[in-house]
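Commentary on secondary and tertiary structure
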Amino acid sequence: MVDVSSPGRALPKTKSINVEANLLAERLGERGRLLDAMSRKAFWGVGILVFALMVLPSAYRVQDRLSKKAVDRAAEASVVMREVADKQNILDRSKPVVEDSRMLADSRLFSENVLRELSAVLSSADSEMVFSSVKVEILGGEMKLSGRADAKSYRVARDFVNRISKAAGTKSASLKQWRLNDDFGPNAVGFEIERTAEVGR
């Protein structure tokens, strides 16, 4: 028998869907996926726990050893620092003595140089000349000697200046001025000299 309506049209066929079966399968699949995820998480958690139980004791032992070494090194550093401080105190106490001895050595060398340069000028004097005055000034390690003298002739004065200009340590030597001096002799001259020489730092 054909299902038709009174005007002769076919009635629509109704279909039924088994919703309960589809929901149950979906729920079972969701449950399986959830169990898989939870089992993976549990596996990783157990793995991390086992790894921690294996590694942490040795890590604590290493940390303990390193801590002891650090304490030992700190103690050694403290001893070294005390020794350095002691040496620094000794150095600070001996510094004035060292500076005094250095100053004495420099002064001795300086005075020897001054005497040597003065002797170089005086020993270069000719028997035909005589000094009337000698003045020595020392500034910045340089000795400036100026003097007045009388000589039997201008040649004697000139030769004297040539000799002191060639002496060791001379920076400069010059005959500053001269004039005739009849009181000392017929060709005698009075003259002034100036010589600079290095005598120290």
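In what follows, the structure referred to is the one given above.
Since the model is a prediction, treat every value here as computed from it, not as a measurement. Counting restarts for each chain, with residues numbered from 1 along the sequence as it is written. It should be noted that, the model being predicted, local features are given only for residues of pLDDT at least 70 and side-chain atom pairs only at 80 or more, the latter also being counted only at that level, while totals for whole chains, interfaces and linings use all residues. Computation of side-chain values covers all heavy atoms of the structure but excludes hydrogens and water.

1. Observations regarding the sheet that holds strand β1 (residues 129–139)
Which entries qualify depends on this criterion: Here, a strand pair is defined by DSSP locating no fewer than two bridges between the strands. Every helix listed is a DSSP run of H or I at least four residues long, and every strand listed is a run of E at least two residues long, numbered separately from the N terminus. To define axes, lines are fitted to C-alpha atoms, for helices over the stretch in contact only, and angles between the resulting N-to-C directions are given on a 0 to 180 degree scale. Only heavy atoms matter for contacts: two residues are in contact if any of them lie within 4.5 Å across the pair.
The sheet built from four strands is open, its strands ordered β1-β2-β4-β3 with antiparallel pairing. Strands with a single pairing partner mark the edges of an open sheet, and in this sheet they are β1 and β3 (170–180). Sheet twist, expressed as the mean angle between neighbouring strand axes with direction ignored, is 15°. Two strands pair when backbone bridges link them, and β3 and strand β4 (residues 189–198) are joined in this way by nine bridges, in the antiparallel orientation. By the bridge assignment for β4, Leu 180 is matched with Val 189. Contacting β1, β2 (142–151), β3 and β4, helix α2 (residues 154–165) runs over the sheet at an angle of about 170° to β3.

2. Describing the pairing of β4
Let me state the cut-off plainly: Each residue is assigned to one of three classes by its accessible area relative to the maximum for its type, calculated with a 1.4 Å probe on protein chains only: buried under 20%, partly exposed between the two thresholds, exposed over 50%.
The buried count for β4 comes to eight of ten residues, which makes it a mostly enclosed element. Bridging between β2 and β4 involves ten bridges; their strand directions are antiparallel. The residue of β4 that forms the bridge with Ser 146 is Glu 194.

3. Side note on the pattern of salt bridges
Here is the rule: Salt bridges are defined as contacts in which a side-chain nitrogen from Lys or Arg sits within 4 Å of a carboxyl oxygen from Asp or Glu.
In the structure shown here, the tally under the stated rule is twelve salt bridges. Here Lys 68 ties to Asp 64 by a salt bridge, and the two come within 3.6 Å at their closest N and O atoms. In this pair, Lys 68 and Asp 64 both sit in helix α1 (residues 19–123), four residues apart, roughly one turn of the helix. The network of salt bridges with common partners includes Arg 116, Glu 117 and Arg 195.

4. Section: the nonpolar core
A general tendency of soluble globular proteins is for nonpolar side chains to be buried together. The criterion, for reference: Side-chain atoms within 4.5 Å link the members of a nonpolar core, which is a set of buried Ala, Val, Leu, Ile, Met, Phe, Trp, Tyr and Cys residues.
By size, the foremost hydrophobic cluster in this structure holds 16 residues, and its most contacted members are Val 121, Met 129, Ala 151, Phe 160, Phe 191 and Ile 193. Mapped onto this core, the elements with two or more residues apiece are α1, β2, α2 and β4. Here this core gets five residues from one element, more than from any other, and that element is α2. Not counting the four nearest positions on each side in its chain, Met 129 is found in contact with Ala 149, Asp 150, Ala 151, Val 156, Phe 160 and Phe 191.

5. Observations regarding the environment of Gly 147
With respect to the helices and strands, the residue Gly 147 is situated in strand β2. The class for Gly 147 is buried, based on a relative accessible area of 6%. Sequence separation between Gly 147 and Val 136 is eleven residues; the distance between their C-alpha atoms is 8.6 Å. Not counting residues within four places of it along the chain, the set of residues in contact with Gly 147 comprises Ser 133, Val 134, Phe 191, Glu 192 and Ile 193.

6. Some points on the packing of aromatic side chains
This is how it is decided: Two rings from Phe, Tyr or Trp (for Trp, the six-membered ring) form a pair when their centres sit within 6.5 Å of each other. Planes less than 30 degrees apart are called stacked, planes more than 60 degrees apart edge-to-face, and all others tilted.
With the rule as written, the count across this model stands at four aromatic pairs. With 6.0 Å between their ring centres and 70° between their planes, Phe 43 and Trp 44 make a pair best called edge-to-face. Taken as a pair, Phe 43 and Trp 44 share a single burial class, namely exposed. When the centroid spacing of 4.9 Å and the interplanar angle of 45° are considered together, the rings of Tyr 154 and Trp 178 count as tilted. Residue Tyr 154 is located in helix α2, and its partner Trp 178 is located in strand β3; the two are separated by 24 residues in the primary sequence. Classification of Trp 178 by relative accessible area gives partly exposed; the value is 45%. Within the aromatic cluster, the residues linked to one another by ring pairs are Phe 131, Phe 160 and Phe 191.

7. As for the side chain of Glu 192
Test applied: Pairing of N or O atoms within 3.5 Å defines a polar contact, subject to two protein rules: one partner must be a possible hydrogen donor and the other a possible acceptor, and residues neighboring in sequence count only if both atoms are side-chain atoms.
Within the secondary structure, Glu 192 is located in strand β4. Engagement of the side chain of Glu 192 in a polar contact is seen with the side chain of Arg 148, the distance being 3.3 Å. Excluding its chain neighbours within four sequence positions, the residues that come into contact with Glu 192 are Gly 147, Arg 148, Ser 174, Leu 175, Lys 176 and Gln 177.

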